[in-house]
Amino acid sequence: MSATDFAIDVTGITKRFGPKTVVNAIDLQVRRGEIYGFLGPNGSGKTTFIRMLCGLLTPDGGSGTCLGYDVRTQQAEIKCHVGYMTQKFSYYEDLSIRENLDFIARIYDVPDRAAAVERSLVRLGLQNRSAQLAGQLSGGWKQRLALAACLIHSPQLLLLDEPTAGVDPKARREFWDEIHQLAADGLTVLITTHYMDEAERCHRLAYLAYGNLLTRGTLTEVLQSVKLTTWTVTGPALRDLAAALRGRDGVEQVVAFGNTLHVSGRDPARLETAIAAVRTPNHEWTRIRSGLEDVFISLMDGAKDNFA
Amino acid sequence: MVLKEFIQMKRDRVTFGMMVGIPLMQLMMFGFAINSDPRHLPTAVLAADQGPFARTFIQALRTSDYFALVRETNSEAEAQRLLQVGDVQFVVNIPADFSRQLLRGERPSVLIEADATDPAATGPALAAVNALAGSIFNRDLPGPLARLHAKAGPVDFLIHAHYNPENITQYNVVPGLMGVVLTMTMVIITGLAITRERERGTMENLLATPVRPFEVMVGKILPYIAVGYIQVSLILLAAHFIFHVPMVGSLLLLYAMALLFIAANLAVGITFSTLAKNQLQAVQMAFFFFLPSILLSGFMFPFRGMPPWAQAIGSCLPNTHFLRIVRGILLKGNGLAEIAPEIWPLLLFLAVAMTIGVTRYRQTLD
């Protein structure tokens, strides 16, 4: 595969703020037309990494290209071809939807500006609200406006930083349908999220904790990268059961999901021994496939140990 | 609640600094710099009579503390130019037959021409001259000549207040107000310009676009130049119709100079904007700039009444030079040649403020 097939191709990207290493030697390759999910707990360096990709921050170490442009020296070129949607709504609340789009189109020097603005209004279904002030929009509509604005200059790469935080499930689903449509048209998308269902809609995933890239690959690869065994249990007095399980050898996670408990551990034999010790006829135990969330929490706990 | 406020105050170093700095600055300015009885005013002497009486007279002016004789000239034209450019506050004309007339008891006339654009600056000095008249020649006119000490004094002072003959304070204050109003509004408006983007989170977005720092600066400055021009026009209209301030010089020149001044203030605002972390700090910095612009520029108190250090600070402020330009154009009818010495400091100031602003405005979040 030649270098141009990658929209993002970086190695050893590092960023330090003072003595703290926020992003630690990350390698990442994202193919063109791919939706790449970026996951990790708060403060794990996702936003910092994205800012380095789109030329907002200069890496302290490492090298690579974004859309074929050097991330250290060609930040101006990168900015012209990347659409970046910030975590916080960052358009002008005292401008109308149309005025916001028009402003962004002017900044990017979009050819045939009026038509471009109109197109993006229509595609996002905002044309009959175009005179409304952006500040009066609800969270979901603000997100649509932001997406429309960062697409207006027809970028080749879309960097979305937690675009669906605080957005209702229906709007989120529509948003993801849109993202898939864009990717089908050849746009590369790098997206950060905390939602596991969204992670599952990505072509590839990477998991970041404390600045380190812990795992990456397709969903199946990620699930298999951590050999985690998970059991569910239903029955009475689950709280007491959970307390009894926690801290036992082989038990790494005990998480309550409504009326069931998820119990996971990396060593199946030790986990089963632990479960056998607390087993009663009242409880029903079933072994299930570990979910992404179980895997990530396990990864994070492991990372914390390394970090401390 | 009180504790929380103190903790927050401690975190915001700039605000805390301002809270200490502004009173200190005011103390310094009001306590040491401001003097409503200005002395050592630069004076040119046009002496056609070099006799001993004339010498005594000049010596007396000097010892009065009000006049600093900086220039002796033989040409009336040069004296006028000095007055117009503002190099001297007074021109003292000693007539050719001063000594002879004095001895004959003819009460020779000494013409004192004053640049009265600022009545507050010339008033005390002129009052001192009249008080001086009676006693100047006590030693030089002994014995029989003592009869020359007539009740009205041996010398007759003719005072010619140029540019503002009626000593109307408004003529000085209203044009000056133009500089003060522009300083206040322009610095605050643009001071908020970039901090607002940062506070609302729109800065990150702006930085992610290909827009260049210079474009941002110019984009932030241009609209407010228009606002500044509206203010200038309003003040000029009020000056003309309400205060009847004379407008001797070219308004076109005034508008051209206003552009320079407005741009200089906007550049200061932008620079503050890149230094301040939030809008409150930006406003405080603007205030910090505004105070000396009002007090040390010669707007409220005569510039020449201030000690050298205060004059040095004042000379660094664009308002000081703009005031001289406005007053010069409106009251004295100055043209480009006469105001030229005030233009280059404005240009220099603009260049420095602009450079700091553009360098401070970073294209990344690093």
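Basis of the calculations
Residues numbered from 1 in each chain as written. Chains lettered and ligands numbered in written order. Predicted model: local features only at pLDDT ≥ 70, side-chain atom pairs only at ≥ 80, totals over all residues. Core = buried A, V, L, I, M, F, W, Y, C linked by C-beta atoms within 7 Å. Buried ≥ 20, exposed ≤ 12 C-beta atoms within 10 Å, placed from the backbone. Domains from an automatic or database assignment. Contact = placed C-beta atoms within 7 Å. Pairing = 2+ DSSP bridges. Helix = DSSP H or I, 4+ residues; strand = E, 2+ residues; numbered from the N terminus. Axes fitted to C-alpha atoms, helices over the stretch in contact; angles between N-to-C directions. Arc of directions from axis to C-beta. Left-handed = near helix turned anticlockwise from the far one by under 90°. Nonpolar A, V, L, I, M, F, W, Y, C, P; charged D, E, K, R; others polar.

A few words on the nonpolar core. Counting 80 residues, the largest nonpolar core has V91, V92, A264 and A267 of chain B as the members making the most contacts within it. Structurally, this core is a two-domain feature, drawing no fewer than three residues from each of domain 1 (41–162) and domain 2 (168–360) of chain B. When residues no more than four places from it in sequence are discounted, the contact partners of A264 of chain B are P318, L346, F349, L350 and A353 of chain B. Core analysis: the next-biggest nonpolar cluster, separate from the first, contains 74 residues, Y36, I78, A148 and L187 of chain A among them.

Residues and elements named next belong to chain B. Spatial strand order, β2-β1-β3-β4-β5: five strands in an open sheet with mixed pairing. Looking at the sheet topology across the chains shown, the edges are occupied by β2 (67–73) and β5 (156–162). Sheet twist, expressed as the average angle between the axes of neighbouring strands with direction ignored, equals 25°. Pairing of strand β1 (residues 41–47) with β2, which is carried by six bridges, proceeds in the parallel orientation. Pairing of L41 across the sheet is with F67, part of β2. In the packing of helix α3 (residues 52–63) onto the sheet, contacts are made with β1, β2 and β3 (90–94), and the angle to β2 comes to roughly 140°.

Glancing now at the sheet that holds strand β14 (residues 284–288) of chain A. Residue and element names in this part refer to chain A. Strand order across the open sheet formed by four strands is β12-β13-β11-β14, with antiparallel pairing between neighbours. Either end of the sheet is taken by a strand with one partner, and the two such strands are β12 (253–257) and β14. Adjacent strand axes in the sheet meet at a mean angle of 25°, parallel and antiparallel pairs treated alike. Two strands pair when backbone bridges link them, and strand β11 (residues 229–234) and β14 are joined in this way by five bridges, in the antiparallel orientation. Bridge pairing in β14 places W231 opposite R287.

What follows covers helix α10 (residues 268–278) of chain A. Residues and elements named next belong to chain A. Three or more residues of α10 are buried, namely L271, A274 and I275. Down the axis, α10 shows its buried residues gathered within 95° of arc, on one side only. The exposed residues of α10 that point more than 90 degrees off its buried face are A269, A276 and A277.

Now for the packing of helix α7 (residues 169–200) of chain B against helix α10 (residues 251–275) of chain B. Residue and element names in this part refer to chain B. Contact geometry of α7 with α10 gives a least axis separation of 7 Å together with a crossing angle of 35°. The handedness of the crossing between α7 and α10 is right-handed. In the contact of α7 with α10, the residues fall into 14 nonpolar, nine polar and no charged.

In many reports, interface size means the accessible area that the parts give up when they come together. All names here are of chain B. Taken domain by domain, chain B consists of domain 1 (41–162) and domain 2 (168–360). Look at where the C-alpha atoms of domain 1 and domain 2 centre, and you get two points 39 Å apart. The interface is formed by 10 residues belonging to domain 1 together with 13 residues belonging to domain 2. Put simply, the parts of the chain that give the side of domain 1 that touches domain 2 at least two residues each are α4 (76–85) and α6 (119–133). When residues in the side of domain 1 that touches domain 2 are grouped by element, the largest group, three residues, is from α6. Class assignment of the residues belonging to the side of domain 1 that touches domain 2 gives a composition of five nonpolar, four polar and one charged.

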